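Residue-level structural notes
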Amino acid sequence: GIMDVTLETDMKQLMKGKMSEQYQPAVFSYTDKDGTAKRYEVEIKARGKTRKQLCQHPPIKVKFKKTILEGEGYGKYNEMKIVWECQGSNVYEQYIYREFLAYRLYNMLLSSGFRTKLLRINLVDPKNPDRKIEKIGFLVEDEDQVADRLGGEMMEEPPKEMKSILRNPLLVFGVFQYMIGNTDWSFGNLHNTRFIKMPSKVVRLIPVPYDFDYAGLVGTPYAVPEPSLGIESVKERLYRGSAASDTELELVRKRFEDAKPMMLALCQDFPHFDKYNRTDFTNYLNEFFEILDNPKRFYRTIQP
């Protein structure tokens, strides 16, 4: 379901300071499932390289006080992201649902993805109390929490060598980005990717993707591919993952085949889509499944 939250902050200051990434005070409040009102003093700042320039309201990072969270039994993970509508409109609301579902699709493949929660955000500006803004968005789990859930730690720097990345997560990551038509990521500068280091004598890393607003599956109007990739539109799929043997690819193909019914059910049952977006989103995925269902064609397509 969707969770109703209120965020109080000086909106003018947030918009003015969005390029400098200065934290500013805010209040995050909601009513929990027992009907108890919760109110947290937090700090927020704008984030998201491209969206800071393009969006009226770029995504934000929300920092809770650790002591308060621990006192309430939430654990120590206190930095979360909120991705919300780039511009206020029903059209942009649908893009948020599409991006939210991209995270959900990854969760169906691996346990090493960010978990998300859909929000209906009531924005309140104490300096302008009469102006009510409601935005649809979603909360993205603290990255240290993802790492901790897997029993690893989040890396601060990119991998030194490709062979330190675990093969199966690496290939699932690459095929997933192909499935959603996303070329907007890279390992070298940790662009829209994080790495979790798993405990072992040799370095073993798991890649974790985030920020899918440039994916063909999401289809935001501002998304354009990097010119050097030689594709006309983000809707055009291009495999940028690692090369693999047919044997390895068969295991990965099986993983996607197993998830396919769940993925299609998610598109069909998601209550917030309008008719156009449900059809368009499902059709885009089905184009991938047509390739997936034919093993020879799949191997041919996935070999870079």
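The structure contained in this document is the topic of the report that follows. It should be emphasised that the depicted structure is a prediction, and the values quoted were computed from it without experimental measurement.

Side note on the overall build of the chain
Across its full length, the chain holds 9 helices and 10 strands. Here the C-alpha atoms of the chain give a radius of gyration of 20 Å, agreeing with the 19 Å that 2.2 N^0.38 yields for 304 residues. The proportion of buried residues among the 304 residues of the chain is 53%. Counting contacts in the chain only where the partners sit at least 6 residues apart, residues at least 24 apart contribute 63% of the total.

A short note on the state of the cysteines
Here the structure, examined in full by the defined rule, presents 1 disulfide. At a sulfur-sulfur separation of 2.2 Å, the disulfide partner of Cys 55 is Cys 86. Because the torsion about its S-S bond is -105 degrees, the bridge between Cys 55 and Cys 86 counts as left-handed. Placement of the pair is Cys 55 in the loop between α2 (49-54) and β4 (60-63) and Cys 86 in the loop between β5 (79-84) and α4 (90-107), with a sequence separation of 31 residues. The pair formed by Cys 55 and Cys 86 is uniform in burial state, with each residue classed as buried.

Some thoughts on the environment of Gly 188
For Gly 188, the location among the structural elements is in the loop between α6 (167-179) and β9 (193-198). Expressed as a C-alpha distance, the spacing of Gly 188 and Met 108, which sit 80 residues apart in the sequence, is 26 Å.

Some thoughts on the nonpolar core
Membership of the largest hydrophobic core comes to 65 residues, with the highest contact counts inside it found for Leu 105, Phe 176, Met 179, Phe 256, Phe 288 and Phe 298. The contact partners of Phe 256, leaving out residues within four places of it in the chain, are Leu 109, Val 172, Val 175, Phe 176, Met 179, Phe 288 and Leu 292. The next biggest cluster of nonpolar side chains, apart from the first, holds 23 residues, and it includes Ala 26, Ile 44, Ile 121 and Leu 139.

Digging into the sheet that holds strand β1 (residues 3-8)
The 7 strands lie next to each other as β1-β2-β3-β4-β5-β7-β6, forming a closed barrel whose pairing is mixed. Strand-to-strand twist across the sheet, computed as the mean angle between neighbouring axes with direction ignored, equals 40 degrees. Bridge count for β4 against β5 is 4 bridges, and the pairing is antiparallel. By the bridge assignment for β5, Val 62 is matched with Met 80.

Focus: the sheet that holds strand β8 (residues 153-154)
Pairing between sheet strands relies on hydrogen bonds along the backbone, with the strands arranged either parallel or antiparallel. The 3 strands lie next to each other as β8-β9-β10, forming an open sheet whose pairing is antiparallel. At either end of the open sheet lies a strand with only one pairing partner, and these are β8 and β10 (204-209). Relative to β10, β9 is paired through 6 bridges, and the arrangement is antiparallel. Bridging across to β10, Phe 195 finds its partner in Pro 207. Packed on one face of the sheet, α6 meets β9 and β10 and runs near 20 degrees to β10.

Points about the pattern of salt bridges
In total, this model carries 23 salt bridges according to the counting rule given. Note that Glu 248 and Arg 167 form a salt bridge whose closest N and O atoms lie 2.9 Å from each other. One end of the pair, Glu 248, is in helix α7 (residues 246-269); the other, Arg 167, is in helix α6, and 81 residues separate them in sequence. For Glu 248, a relative accessible area of 25% gives the class partly exposed. Classification of Arg 167 by relative accessible area gives partly exposed; the value is 36%. Three or more residues joined by partner-sharing salt bridges are found here, namely Arg 47, Arg 51, Glu 99, Asp 211 and Asp 213.

A few points about α6
In a regular helix each residue adds 1.5 Å, so 13 residues correspond to 18 Å; α6 covers 18 Å between its end C-alpha atoms and thus fits that length. For α6, every residue scored as buried is listed here: Pro 169, Leu 170, Leu 171, Val 172, Phe 173, Gly 174, Val 175, Phe 176, Gln 177, Tyr 178 and Met 179. If you follow the buried residues of α6, they end up packed against α4, β9, β10, α7, α8 (275-292) and α9 (295-302). Directly beyond the C-terminal end of α6, a positive phi value near 70 degrees is found at Gly 181.

Quick word on the packing of aromatic side chains
Taken as a whole and assessed by the stated rule, the structure comprises 25 aromatic pairs. One aromatic cluster is present, built from ring pairs that chain together Tyr 97, Phe 100, Tyr 103, Tyr 106, Phe 138, Phe 176, Phe 212, Phe 270, Phe 273 and Phe 281. Of note, Arg 237 hangs over the ring of Tyr 284, and the distance from its end group to the ring centre comes to 3.9 Å.

What about α9?
What α9 keeps buried is the set Phe 298, Tyr 299 and Ile 302. The arc that holds the buried residues of α9, viewed along the axis, is 95 degrees, so those residues lie on one side. Among the exposed residues of α9, those pointing more than 90 degrees away from its buried face are Lys 296 and Arg 300. Check the buried side of α9 and you find it contacts α6, α7 and α8.

Rules of the game
- Residues numbered from 1 in each chain as written.
- Predicted model: local features only at pLDDT ≥ 70, side-chain atom pairs only at ≥ 80, totals over all residues.
- Heavy atoms only, no water.
- Helix = DSSP H or I, 4+ residues; strand = E, 2+ residues; numbered from the N terminus.
- Rg over C-alpha atoms; globule rule 2.2 N^0.38 Å.
- Buried < 20%, exposed > 50% of the residue type's maximum accessible area, 1.4 Å probe, protein only.
- Contact = heavy atoms within 4.5 Å.
- Disulfide = S-S within 2.5 Å.
- Core = buried A, V, L, I, M, F, W, Y, C linked by side-chain atoms within 4.5 Å.
- Pairing = 2+ DSSP bridges.
- Axes fitted to C-alpha atoms, helices over the stretch in contact; angles between N-to-C directions.
- Salt bridge = Lys/Arg side-chain N within 4 Å of Asp/Glu carboxyl O.
- Expected span 1.5 Å × (residues − 1).
- Phe/Tyr/Trp six-rings, centres within 6.5 Å; stacked < 30°, edge-to-face > 60°.
- Lys NZ or Arg CZ within 6 Å of the ring centre and 35° of its normal.
- Arc of directions from axis to C-beta.

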